[in-house]
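Breakdown of the fold
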Amino acid sequence: MTVAGIDLSATEFWGLPLAERAAAFAKLRAEPRTPFFAEPESPFSDPGRGYYALVKYADVVEASKHPAVFSSAKGATQIPDLPVEFNEYFGSMINMDDPKHARLRRIVSRAFSPRLIAKFEDDVRRTATTVVDDLLATGPCDFVANVAARLPLKIICDMMGIPDDQYDMVLANTNIILSGADPEFLSEDMDQAVLQVLGAGQALADLVTSLAADRAQAPREDLVSALVTANIDGEQLTSPELASFFILLVVAGNETTRNALSHALMLFTEYPDQRALLLADLENRLEDTVEEIVRYASPVLFMRRTLTQDYTMNGQDYREGDKVVLFYYSANRDETVFPDPERFDITRSPNPHVGFGGPGPHYCLGAHLARRELRVMLRELLARVPDITAGEPDRLLSSFINGIKHLPCDFSR
Ligand code: HEM
């Protein structure tokens, strides 16, 4: 593929084999200028004037560090500007700048306290054990449905106080919201697709509204209770803020860690030497392994920013109003920072990847939780099913999420 033949806005590009996609980003990184692309077609709005693709590590880090110049308020999770009603449902703090962002993050960070996270530690361990018990009882199966999807779903639902009988509904709706261009989840008829996405947001908003009403009367030890109860400074989320934060959290909590786990199994299948190395000292190598999985997989492929003023970065001029797309997937493969970047190396050190976002105010709120889930699940899985391997993945067609929809797995019993 030549540089001129690469189009990051073409749906087909995101369906290319992973190695071809990685090779295309390497070509873009080798270019002296920041590549510019026309916007992809969107069912939700008319295309704007295009965007710069930040494919180099230095650019992604600098843009993340300067949120006053590189704003999230016009939308971080998609390239086209969205109609207002979409931002209400799907925005929350990921699509905000300070001071609004800081206020929301302050309120929710308190609710996301170490005490609350610690409370779920046992839950994470117990769930991982049950998932592997069930896997061993079932035998070779779809790894995504039977393993990868289960832990993040249960943990985020438990944290929120969502009852078990709503799990399937939550997963179905988060799948729709982050379905990208994949026809398995979203209609190819654009009007229909818009209704599906709005409907999924509404279903989740209705769920939290009913939970919030209940918890306001009878608070429990869950996140919704913490968020509807005024805290020390009297700061509290309004109902619409709560609904959109809830949507962000269940979507981010479900659709990322799951894919990291599926990529992990693919990587251990492709790199048996790295599996053996990990198994030889599971306790001490797990932490670095999880970082390398997140670097290599980059489950969230990009976030967008919009310039609030003219700015020069690493020798290139940008103008106020320009859109830039921070391709974490490419930054995490930048050969000036990660030697031999296409090699999965659990001993990589240092490993300053940007899989959870660059340094700045929007750095992933769930990073600690995700790391913990990945460590506990991989420890349980690899200790008890050390020979588990992955077959051919059925990948999500999306430029935003590096998703695996289905993944056959095999192991001896
Ligand atoms: C491997 C798993 C995960 C990955 C790769 C990931 C990735 C990211 C990235 C790249 C961002 C940066 C957004 C930006 O700079 O605009 C982010 C933000 C965020 N993530 Fe995660 N995430 C993961 C797991 C989770 C989990 C488990 C949760 C919730 C329980 C979560 C909740 C959030 C929230 C709320 C934000 C927005 C923070 C803000 O705007 O201040 N994430 N995540």
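Refer to the structure above for everything that follows.
Cut-offs used in this document
- Residues numbered from 1 in each chain as written.
- Predicted model: local features only at pLDDT ≥ 70, side-chain atom pairs only at ≥ 80, totals over all residues.
- Heavy atoms only, no water.
- Buried < 20%, exposed > 50% of the residue type's maximum accessible area, 1.4 Å probe, protein only.
- Helix = DSSP H or I, 4+ residues; strand = E, 2+ residues; numbered from the N terminus.
- Pairing = 2+ DSSP bridges.
- Donors = N, O, S within 2.8 Å, 3.2 Å for Na, K, Ca; no water.
- Near = heavy atom within 4 Å.
- Polar contact = N/O pair within 3.5 Å; in protein donor to acceptor, adjacent residues only side chain to side chain.
- Core = buried A, V, L, I, M, F, W, Y, C linked by side-chain atoms within 4.5 Å.
- Contact = heavy atoms within 4.5 Å.
- Axes fitted to C-alpha atoms, helices over the stretch in contact; angles between N-to-C directions.
- Expected span 1.5 Å × (residues − 1).
- Parallel < 35°, antiparallel > 145°, perpendicular 65-115°, else oblique.
- Left-handed = near helix turned anticlockwise from the far one by under 90°.
- Nonpolar A, V, L, I, M, F, W, Y, C, P; charged D, E, K, R; others polar.

1. A few points about the pairing of strand β2 (residues 51-54)
Burial along β2 is two-sided: Tyr-51 and Ala-53 and Tyr-52 and Leu-54, pointing in opposite directions, are all buried. Where strand β1 (residues 36-37) and β2 come together, two bridges link them in antiparallel fashion. Looking across to β2, one finds that Phe-37 is bridged to Tyr-51. Here β2 runs beside strand β7 (residues 323-327); their pairing, made up of four bridges, is parallel. Across the sheet, Leu-54 pairs through a bridge with Leu-326, a residue of β7.

2. A short note on the coordination of the iron atom of the ligand
Here the protein supplies the iron atom of the ligand with just one donor, Cys-364 (SG), and that contact is 2.3 Å long. Among the structural elements, Cys-364 can be located in the loop between α16 (328-331) and α17 (367-384).

3. Looking at the site of the ligand
The environment of the ligand is made up of 27 residues, and the closest members are His-101, Arg-105, Arg-305, His-362 and Cys-364. Tyr-328 is positioned such that a nitrogen or oxygen atom in its side chain is 3.4 Å from an oxygen atom of the ligand. Contact between the ligand and His-362: an oxygen atom at 2.7 Å from a side-chain N or O atom of the residue. Within the residue set of the shell around the ligand, elements represented by two or more residues are α4 (100-111), α12 (239-255), β4 (302-307) and α17.

4. Brief notes about the nonpolar core
Counting 138 residues, the largest nonpolar core has Leu-8 and Phe-327 as the members making the most contacts within it. If we skip the residues at most four places from it in the chain, Phe-327 touches Leu-8, Trp-14, Phe-25, Tyr-51, Ala-53, Leu-54, Val-55, Val-60, Leu-301 and Phe-302.

5. As for the sheet that holds β7
The strands making up a sheet associate through backbone hydrogen bonding, with each pair oriented either parallel or antiparallel. Sheet architecture is open: five strands sit in the order β1-β2-β7-β4-β3, paired in mixed fashion. Each edge of the open sheet carries a strand with a single partner, namely β1 and β3 (70-71). Relative to β4, β3 is paired through two bridges, and the arrangement is antiparallel. Bridge pairing in β4 links Phe-70 to Leu-307. Against the sheet, helix α2 (residues 57-65) engages β2, β3 and β7, with an angle of about 120 degrees to β7.

6. Let's talk about α17
Here α17 spans 26 Å end to end across 18 residues, near enough to the 26 Å set by a 1.5 Å rise per residue. For α17, the set of buried residues is Ala-367, Leu-369, Ala-370, Arg-371, Glu-373, Leu-374, Val-376, Met-377, Leu-378, Glu-380, Leu-381 and Leu-382. Packed against the buried residues of α17 are α6 (121-138), α7 (143-148), α8 (150-160), α13 (257-270), α14 (272-280) and α15 (282-297).

7. Section: the packing of α15 against α17
Put simply, α15 and α17 touch, their axes get as near as 10 Å, and they point 120 degrees apart. Taken together, the axes of α15 and α17 are oblique relative to one another. The handedness of the crossing between α15 and α17 comes out as right-handed. Judged by residue contacts, Leu-282, Glu-283, Leu-286, Glu-287, Val-290, Glu-291, Ile-293 and Val-294 of α15 engage Arg-371, Leu-374, Arg-375, Leu-378, Arg-379 and Ala-383 from α17. When the residues that make up the contact of α15 with α17 are grouped by side-chain class, the tally is eight nonpolar, no polar and six charged.

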